[in-house]
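# Tertiary structure, described
Spelled out, the chains give:
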2 protein chains.
Amino acid sequence: MTDMQDQHIASAYDRDLEAIQALIMKMGGLVEDAITNAARALETRDDEMAEAVRRGDAAVDRLEEQINEEVARVIALRAPTARDLRVVLSVLKISSNLERIGDYAKNLAKRASVLTQMQPVGDSASTLRRMAQQVRAMLKDALDAYVQRDEALALDVRDRDVEVDQMYNNIFRAFITHMMEDPRNITACMHLHFIAKNTERMGDHVTSIADQVVYLTTGSMPDESRQKKDRTPFETHGAVR
Amino acid sequence: MTDMQDQHIASAYDRDLEAIQALIMKMGGLVEDAITNAARALETRDDEMAEAVRRGDAAVDRLEEQINEEVARVIALRAPTARDLRVVLSVLKISSNLERIGDYAKNLAKRASVLTQMQPVGDSASTLRRMAQQVRAMLKDALDAYVQRDEALALDVRDRDVEVDQMYNNIFRAFITHMMEDPRNITACMHLHFIAKNTERMGDHVTSIADQVVYLTTGSMPDESRQKKDRTPFETHGAVR
């Protein structure tokens with residue numbers, strides 16, 4: 001094959017990758033908004049906003065399908081080298097993480113609608129909104145780190161997830177207290193607790209996007225001892241994973 | 001390329017696929033045992049068995065990594081056609097589903113250890129064990145359906161997941177009652193409720209393995225209206241997804 005053909009194929013492959021990356025960023029933007037709007041709907045008890053988030057998740061799912069098809073097309077068409085293949089396959093993992101985060105945001109919106117029918121439990125809705133905003137900011141940075149192949153930013157995202165875990169542990173204890181104090185809070189607390197746990201899980205998925213960035217930039221996953229599932233201490237009354 | 005070379009490459013590719021499929025089945029076997037043993041540890045309050053399940057999850061994670069590497073190697077080496085590629089990429093999705101199910105089983109085992117330090121809550125542990133056994137049986141059938149490309153069996157697995165969702169809704173209501181009746185049950189019920197929810201989520205991941213089988217046999221995913229996330233009715237006091 002001549003250099004010119006070689007270059008031609010290489011640049012066509014790069015254009016394919018950029019097109020797929022653009023789909024990832026589009027998907028990421030939709031998911032970021034879903035997190036923010038679902039948490040706001042919970043805090044302001046806005047059933048219409050919650051309904052809009054629930055309807056919006058279908059677009060996120062369609063984008064994941066589109067990305068999967070593009071990836072299969074590019075692999076079949078360009079037969080990438082092992083190194084290029086790593087980049088393409090990381091796209092599949094990231095789009096799958098984004099789809100899961102979108103599902104959790106949709107679930108948060110559904111529970112927000114349920115909770116409009118119940119008494120508010122202390123200031124838990126605004127605490128949960130702050131927790132969701134932290135996760136949304138981490139997601140934005142994880143996607144920026146992906147586009148810029150910025151390992152330092154990816155590692156920073158990983159570290160910030162520890163704060164999300166701490167927020168979850170604190171709110172878990174608060175819910176137990178609310179339920180003990182007044183059994184009429186129990187059903188609402190069950191839903192609020194799921195929102196807290198699912199928001200903490202969104203943080204885990206953001207962390208695995210950051211892990212992919214570290215993998216792409218360094219060629220290996222972050223040190224096992226730093227990896228999410230092994231790092232979180234086991235607590236009798238706190239987060240258990 | 002001569003037919004002989006062609007055949008040679010085709011059969012080498014088939015051998016690669018069979019090797020990867022063997023890894024999937026090995027991973028599936030470990031995950032099936034983890035589900036059974038974690039649920040048994042919960043029912044018999046057996047901390048040692050729970051600890052063994054927790055330690056065992058690392059082997060499941062290593063198998064997923066190995067499968068990912070094998071898939072990348074095969075794609076780079078054999079440059080499969082679009083049709084063959086569909087089979088290879090489905091392996092990535094299935095191994096990722098198995099890894100998640102393994103994580104949930106590990107989480108179940110961790111909570112089982114926590115719960116040995118608390119009063120049992122009614123007969124919930126044996127109800128949860130039955131729920132886990134249903135999911136384990138579905139997983140076994142989903143993997144058999146994958147190996148035999150058995151669409152009918154895959155669709156049967158999807159249908160049985162509805163029963164798991166019903167089990168979850170029933171136990172959710174039971175926990176609310178237990179907590180209302182005696183606030184000393186609240187902390188234990190929070191953990192038991194997570195076990196129920198995570199077991200229901202295991203069923204969702206088994207269902208998406210079944211979806212992959214349908215995709216491989218029919219060329220398209222199951223009818224949207226039958227897909228898990230759209231099929232489950234929204235309930236104020238039941239499963240919300």
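Note that residues are indexed from 1 along each chain, following the sequence as it is written. Labels follow written order: the first chain is A, the first ligand is 1, and so on. Where totals are concerned, whole chains, interfaces and linings use all residues; where local detail is concerned, this predicted model gives features only for residues with pLDDT of at least 70, and gives and counts side-chain atom pairs only at 80 or more. Side-chain descriptors were evaluated using all non-hydrogen atoms of the structure, hydrogens and water having been removed beforehand.

## Digging into the overall build of chain A
By the criteria applied, helices consist of DSSP H or I runs no shorter than four residues and strands consist of E runs no shorter than two, each listed in order from the N terminus. Of the regular secondary structure elements, chain A holds seven helices and zero strands. Overall, chain A shows an N-to-C arrangement of helices and strands of α-α-α-α-α-α-α. The buried share of chain A, taken over its 241 residues, is 54%. In this description, contact between two residues means that some pair of their heavy atoms is separated by no more than 4.5 Å. If you take every contact in chain A between residues at least 6 apart in sequence, the share linking residues at least 24 apart comes to 84%. Element-wise, carbon and sulfur atoms account for 50% of the exposed surface of chain A, whose accessible area totals about 10000 Å². Residue exposure (1.4 Å probe, protein chains only): buried if accessible area is under 20% of the type maximum, exposed if over 50%, otherwise partly exposed. Areas reported as accessible are Shrake-Rupley estimates using a 1.4 Å probe. Residue values count occlusion only from the protein chains shown.

## Concerning the interface of chain B and chain A
Facing the 47 residues of chain B at the interface are 47 residues of chain A. Summed over both partners, buried area is the accessible surface (1.4 Å probe) that two parts give up on being assembled. Buried area between chain B and chain A, both sides added, is near 4100 Å², and the carbon and sulfur share of it is 64%. The salt bridge criterion pairs a side-chain nitrogen of Lys or Arg with a carboxyl oxygen of Asp or Glu, the two atoms within 4 Å. There are zero salt bridges connecting chain B and chain A. Pairs of N or O atoms within 3.5 Å make up the polar contacts considered here, provided that, within protein, one atom can donate a hydrogen while the other can accept it, and that residues adjacent in sequence are counted only when both atoms are side-chain atoms. Counting every contact that joins chain B to chain A gives two residue pairs in polar contact (both at pLDDT 80 or more).

## A word on the environment of Ile195(B)
Residue and element names in this part refer to chain B. With respect to the helices and strands, the residue Ile 195 is situated in helix α6 (residues 186–218). Here Ile 195 falls in the buried class, since its relative accessible area comes to 1%. Placed 160 residues apart in sequence, Ile 195 and Ile 35 show a C-alpha to C-alpha distance of 11 Å. Among residues more than four places away in sequence, those in contact with Ile 195 are Leu 42, Leu 108, Arg 111, Leu 115 and Leu 128.

## A look at the relation of the copies chain B and chain A
Least-squares superposition of the copies uses the C-alpha atoms of those residues scoring a pLDDT of at least 70 in each of them. Rotating chain B by 180° and moving it 0.0 Å along the rotation axis overlays it on chain A with an RMSD of 0.0 Å. In the structure described here, the two chain copies are related by an operation that fits a two-fold rotation axis. Considering only C-alpha atoms, the part of chain B nearest the rotation axis is Ala79(B), at 2.8 Å. Looking at the interface residues of chain B, 100% of them are also at the interface in chain A, so both copies use one shared face.

## A closer look at the packing of helix α2 (residues 47–78) of chain A against helix α3 (residues 82–115) of chain B
The axes of two packed helices give the description: the angle between them and the distance between them. At a minimum axis separation of 10 Å, α2(A) and α3(B) run at an interaxial angle of 130°. Judged by the inter-axis angle, α2(A) sits oblique to α3(B). For the pair α2(A) and α3(B), the crossing hand works out as right-handed. Contacts from Glu64(A), Asn68(A), Ala72(A), Ile75(A) and Ala76(A) of α2(A) reach α3(B) at Ala82(B), Leu85(B), Leu89(B) and Lys93(B). Axes, fitted as lines to C-alpha atoms, cover a helix only where it is in contact. Angles between the N-to-C directions of the axes lie from 0 to 180 degrees. Comment on the angle field: the value is read as roughly parallel under 35 degrees, roughly antiparallel over 145, roughly perpendicular from 65 to 115, and oblique elsewhere. Crossing chirality is assigned from the near helix's rotation relative to the far helix, an anticlockwise turn below a right angle marking it left-handed and a clockwise turn marking it right-handed.

## Details of the packing of helix α4 (residues 124–148) of chain A against helix α6 (residues 186–218) of chain A
All names here are of chain A. The geometry of α4 relative to α6 is characterised by a closest axis approach of 9 Å and an angle of 15° between their N-to-C directions. Classified by the angle between their axes, α4 and α6 sit roughly parallel to one another. Along this stretch, α4 crosses α6, giving a crossing that reads as left-handed. Taken together, the residues of α6 that come into contact with α4 (itself represented by Ser 124, Leu 128, Met 131, Ala 132, Val 135, Met 138, Leu 139, Ala 142, Ala 145 and Tyr 146) are Leu 192, Ile 195, Ala 196, Thr 199, Glu 200, Met 202, Gly 203, Val 206, Ile 209, Val 213 and Leu 216. Each residue gets one of three labels, nonpolar for Ala, Val, Leu, Ile, Met, Phe, Trp, Tyr, Cys and Pro, charged for Asp, Glu, Lys and Arg, and polar for the others, Gly among them. For the contact of α4 with α6, a count of residues per class yields 17 nonpolar, three polar and one charged.

## Concerning the pattern of salt bridges
Pairing between side chains becomes possible if they bear opposite charge and their charged atoms approach one another. Tallying each qualifying case throughout the model produces 28 salt bridges over all chains. Linking Arg55(A) and Glu51(A) is a salt bridge whose minimum nitrogen-to-oxygen distance equals 3.3 Å. Here Glu51(A) and Arg55(A) lie together in helix α2, a separation of four residues that amounts to about one turn. Look at Glu51(A) and you get partly exposed, because its relative accessible area is 29%. Its salt-bridge partner being Glu70(B), residue Arg73(B) comes within 3.1 Å of it at the nearest N-O pair. With a gap of three residues between them, Arg73(B) and Glu70(B) both fall in helix α2 (residues 47–78), about one helical turn apart.

## Observations concerning the UniProt feature "domain: PhoU" (unreviewed entry) in chain A
Residues and elements named next belong to chain A. What UniProt calls "domain: PhoU" (unreviewed entry) maps, in this numbering, to residues 24–111 and 128–213. Counted over residues 24–111, helix gives 94% and strand 0%. Its end C-alpha atoms are 27 Å apart. As annotated, residues 128–213 comprises 93% helix and 0% strand, and the C-alpha atoms at either end are separated by 28 Å. UniProt positions are given in the numbering used here, feature names are shortened, and annotations may be inferred rather than shown by experiment.

## Observations concerning α6(B)
Residue and element names in this part refer to chain B. Taking 1.5 Å per residue as the helical rise, α6 with its 33 residues ought to reach 48 Å, and the 47 Å between its terminal C-alpha atoms agrees with that figure. Counting buried positions along α6 gives 29 out of 33 residues, so the element sits mostly inside the fold. Directly after α6, the chain includes Gly 219, whose backbone phi takes a positive value near 85°. The span one expects for a helix is its residue count, reduced by one, times 1.5 Å.

## Here's the deal with the environment of Gln66(A)
All names here are of chain A. One can find Gln 66 in helix α2. Accessibility expressed as a relative area gives 37% for Gln 66, which makes it partly exposed. For the pair Gln 66 and Ile 101, spaced 35 residues apart in sequence, the C-alpha separation works out to 17 Å.

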